[in-house]
Amino acid sequence: MSGAVLVAVAAAIGNLLQGWDNATIAGAVLYIKREFNLESQPTMEGLIVAMSLIGATCITACSGPISDWLGRRPMLIMSSVLYFLSGIVMLWSPNVYILLVARLLDGFGVGLAVTLVPVYISETAPPEIRGLLNTLPQFTGSIGMFLSYCMVFGMSLSTFPNWRLMLGVLSIPSLIYFALTVFFLPESPRWLVSKGRMSEAKKVLQRLRGREDVSGEMALLVEGLAVGGETSIEEYVIGPANEDTEDPDISADKDRIKLYGLEEGLSWVARPVTGQSTLGLVSRHGSIANQSALGLVDPLVTLFGSVHEKLPETGSMRSMLFPHFGSMFSVGGNQPRNEEWDEESVAREGEEYQSDGPAGDEEDNLQSPLISRQATSVEKDMVPTAHGTLTSLRNTMVHPAETVKGPSWHDLFEPGVKHALIVGVGIQILQQFSGINGVLYYTPQILEQAGVGVLLSNLGISSSSASLLISGITTLLMLPSIAVAMRLMDVAGRRSLLLTTIPVLITSLLILVIGSVVKMGNVVHAALSTVSVVLYFCFFVMGFGPIPNILCAEIFPTRVRGLCIAICALTFWICDIIVTYSLPVLLKSVGLAGVFGMYAVVCVISWVFVFLKVPETKGMPLEVITEFFSVGAKQVAAAKNNRVD
């Protein structure tokens, strides 16, 4: 487990560099425009800041498909190289045009890091702490901003602040990031499995999980290679093969599946449940919940919610799906395997499941009989399908070689993938229009009104230095809130955090609107505004800040994850550009109260969207999440057909 944590921390340094760069350019631009006489050229000044944004937007458009082709790790290495080159060029920058080129290179590095670090962490982290680890990019990004503001503030106190040095320092931490990506970070095991490199994937998983036997998780990764398709959820009772069951809900032996145990001669049998199973009960409960919400709640949300409602009783999602004895996820456990028995089955499985990896994969645990079928009349007549299901042990898993060709645009129209894209793109749009850029823009003025600026000027600090210090203090306030979010992300869950924190954002924005419209004393106005801004920042970074990226890294199938993430990230950057450049125009046309009022309306829409469309994904393997999206899409389609009929 510690291996996955260390890998996530190392990968998140890419976001630390992004936060560092964002804060550094905010301070350095004050001195850049003086040297290049840009006071009368606001367009060029804005372009220097925005060039990084433009670079990130451009690289994002192709980063996802390329990462699906080359892998996640090479793209992170490329990100570190781009950070380093941009720092060196910014340190040199003889004129404004070279500086623009350097900012473009920097944007390429930022875009790769912001897009792929959440994907990489999601694909390497264990389900039970995936939310915590995927909040690290938000945490390290804020740490980077705080450290950068401290550095720039210290430099601003000198007689002649050197903006080139401010920007060039980026190359030092980027070298550390480069060393970590090259010598420490492994490739994503899910990407390796998707390319048929089973032996490498097994070794990476063993390192990340800190145990030798990872055959159950390897089987799960292979199971998740399918994109959409015919998906179903079945429940099985697993018990000793020689145990006669009297459960009337268990179907005839002809449908059973034989599971080999850890020792020679030990085997278990999985029998499908055909009566009122656990899933049947939660599905019926979900139907009632849907009716109570006037049928507006997405069936997918109900499906995920039904699983999590069972968690306190059973302890995990896995035991909920297999409540009697266990599941295919835990077959084998952490004990050493004896792979010398049943050589005939080993040979048979090896023939069916050859890896595209190098020689030596014969010893891979997937070649051992994790699941061995008893031939029945039913199965002899079945035509194998390329699409497996997660909890159904009867379907044939996708051969990794089938995915080597990479994703196609046609895959995006699979019902489950399309459903996930609606959630991912929707939440990215709403996050950007929820007001974070406007509040960031207005924060120095708010704190200035609260008297912080006067206090600092009395201490002999210039207005430029005071602005940097205020921004640093604001960033520092975010860190405890992000730490709380890291703790709650896998306890309360993503959906619950959003539904809890968004109302606080709405309240904070409404108070800012009232403070701008209603006449009140300066002290009262400053106090209310300051409290509102602090609350907004703290609760934003607990929910709407990290969760959209976490969700987008979780809800797409492995084969198209990079492509879908690129679409969501491109949406993020485009909306960021729109909000950033529309803010000054809106301030002139509708005023501050109008802008914050619009943001409050967007937050209300966001809460409704989360309530109706965003499922809870905490503690669930990525393959389970994508399977459930396919099931939910089928339920939606069936419901529409029923209404038409």
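Along each chain, numbering runs from 1 in the same order as the chain's sequence is written. With the structure being a predicted model, the display of local features is reserved for residues of pLDDT at least 70 and the display and counting of side-chain atom pairs for 80 or more, all residues being used for whole-chain, interface and lining totals. Derived side-chain values reflect all non-hydrogen atoms in the structure, with water molecules and hydrogen atoms excluded from consideration.

Draft legend 1. Spotlight on the overall build of the chain. Counting from the N terminus, the helices are the DSSP runs of H or I reaching at least four residues and the strands are the DSSP runs of E reaching at least two. Across its full length, the chain carries 28 helices and three strands. Looking at the chain as a whole, 57% of its 645 residues are labelled buried. What sets the accessible areas is the Shrake-Rupley method with a 1.4 Å probe; for residues, cover comes only from the shown protein chains. For the chain, the accessible area works out to roughly 26,500 Å², and carbon and sulfur atoms hold 64% of it. Throughout this description, buried means an accessible area under 20% of the type-specific maximum (1.4 Å probe, protein chains only), exposed means over 50%, and partly exposed covers the range between.

Draft legend 2. Inspection of helix H4 (residues 72-92) at higher detail. Expected span, for any helix, means 1.5 Å times one less than how many residues it has. Along its 21 residues, H4 runs 31 Å from first to last C-alpha, staying within 8% of the 30 Å computed at 1.5 Å per residue. Turning to H4, its buried residues are Arg72, Met75, Leu76, Ile77, Ser79, Ser80, Leu82, Tyr83, Ser86, Gly87, Val89 and Met90.

Draft legend 3. Highlighting the packing of aromatic side chains. Note on aromatic pairs: the rings of Phe, Tyr and Trp (six-membered ring only in Trp) are paired at centre separations within 6.5 Å, and the planes decide the class, stacked below 30 degrees, edge-to-face beyond 60, tilted for the rest. Summed over the entire model, instances satisfying the criterion amount to eight aromatic pairs. Here the aromatic rings of Tyr536 and Phe540 are separated by 5.9 Å at their centres, their planes lie at 15°, and the arrangement is stacked. Separated by four residues within a single helix, Tyr536 and Phe540 lie in helix H24 (residues 522-542), roughly one turn from each other. Residue Tyr536 is classed as buried on the basis of its relative accessible area, which comes to 0%. Taken together, the ring pairs in this structure connect Phe304, Phe628 and Phe629 into an aromatic cluster. To sit over a ring, a charge needs its Lys NZ or Arg CZ within 6 Å of the ring centre and within 35 degrees of the ring normal. One Lys or Arg, Arg207, reaches over the ring of Phe184 and ends 4.9 Å from the middle of that ring.

Draft legend 4. Spotlight on the environment of Ser52. Note that Ser52 resides in helix H3 (residues 42-70). The spacing of Ser52 and Arg103 is 51 residues in sequence and 5.1 Å in space, taken between C-alpha atoms.

Draft legend 5. Just the confidence of the model for the chain, in detail. Residues of the chain with pLDDT of at least 70 account for 71%, and the chain-wide mean is 78. Per-element confidence in the chain is highest for helix H9 (residues 171-183), whose mean pLDDT is 97, and lowest for helix H18 (residues 377-381), whose mean pLDDT is 35. Confidence scores here are pLDDT values: one per residue, from the predictor, ranging 0 to 100. Contacts are assigned to residue pairs that have any heavy atoms within 4.5 Å of one another. Note that pLDDT drops below 50 for residues 248-252; the model gives that stretch 11 contacts with residues more than four away or on any other chain. For residues 313-398, every residue scores under 50 in pLDDT, and the model assigns this stretch 199 contacts once sequence neighbours within four places are set aside.

Draft legend 6. Structural detail: the environment of Ala50. Within the element layout of this structure, Ala50 appears in helix H3. A residue is classified by how much of its surface remains accessible, and Ala50, at 7% relative accessible area, is buried. Linking Ala50 and Tyr581, residues 531 residues apart in sequence, is a C-alpha distance of 9.8 Å.

Draft legend 7. How the structure looks around helix H1 (residues 2-11). Within H1 the residues assigned to the buried category are Gly3, Ala4, Val7, Ala8, Ala10 and Ala11. For H1, the buried positions fall inside an angular range of 165° around the axis, keeping them on one side. For H1, the elements touching its buried residues are helix H2 (13-35), helix H5 (96-124), helix H6 (130-134), helix H7 (136-156), H9 and helix H11 (198-209). By definition, the arc is the one covered by directions from the helix axis to the C-beta atoms.

Draft legend 8. Region of interest: the side chain of Gln18. Locating Gln18 in the fold gives a position in helix H2. On the basis of relative accessible area, Gln18 is assigned to the buried category, the value being 18%. Once you skip the residues sitting within four places of it in the chain, Gln18 turns out to touch Tyr83, Val110 and Val114.

Draft legend 9. Region of the structure containing the packing of helix H19 (residues 415-432) against helix H26 (residues 561-589). Two elements in contact, H19 and H26, have axes whose closest approach is 9 Å; the angle formed by their N-to-C orientations is 20°. Comparing the axis directions of H19 and H26 gives the class roughly parallel. When the axes of H19 and H26 are compared, the crossing they make is right-handed. Between H19 and H26, the contacting residues are Val417, Leu421, Gly424, Val425, Gln428, Ile429, Gln431 and Gln432 on the first element and Cys564, Ile567, Cys568, Thr571, Phe572, Cys575, Asp576 and Val579 on the second. For helices, the fitted axis covers only the stretch in contact; all axes are lines through C-alpha atoms, and the angles between them, taken along N-to-C directions, range from 0 to 180 degrees. Oblique is the label for every angle not falling under 35 degrees (roughly parallel), over 145 degrees (roughly antiparallel), or within 65 to 115 degrees (roughly perpendicular). Crossings are classed by handedness, with left-handed meaning an anticlockwise turn of the near helix from the far one by less than a right angle and right-handed meaning a clockwise turn.

Draft legend 10. Layout of the pattern of salt bridges. The term salt bridge refers to a pairing of a side-chain nitrogen on Lys or Arg with a carboxyl oxygen on Asp or Glu at a separation within 4 Å. Summed over the entire model, instances satisfying the criterion amount to 15 salt bridges. Glu35 serves as the salt-bridge partner of Arg164, at 2.8 Å between the closest nitrogen and oxygen. Taken as a pair, Arg164 in helix H8 (residues 163-168) and Glu35 in helix H2 lie far apart in primary sequence, 129 residues in all. Put simply, Arg72 and Glu123 hold a salt bridge, and the shortest N to O gap is 2.8 Å. In this pair, Arg72 is assigned in helix H4 and Glu123 in helix H5, connecting sequence segments 51 residues apart.

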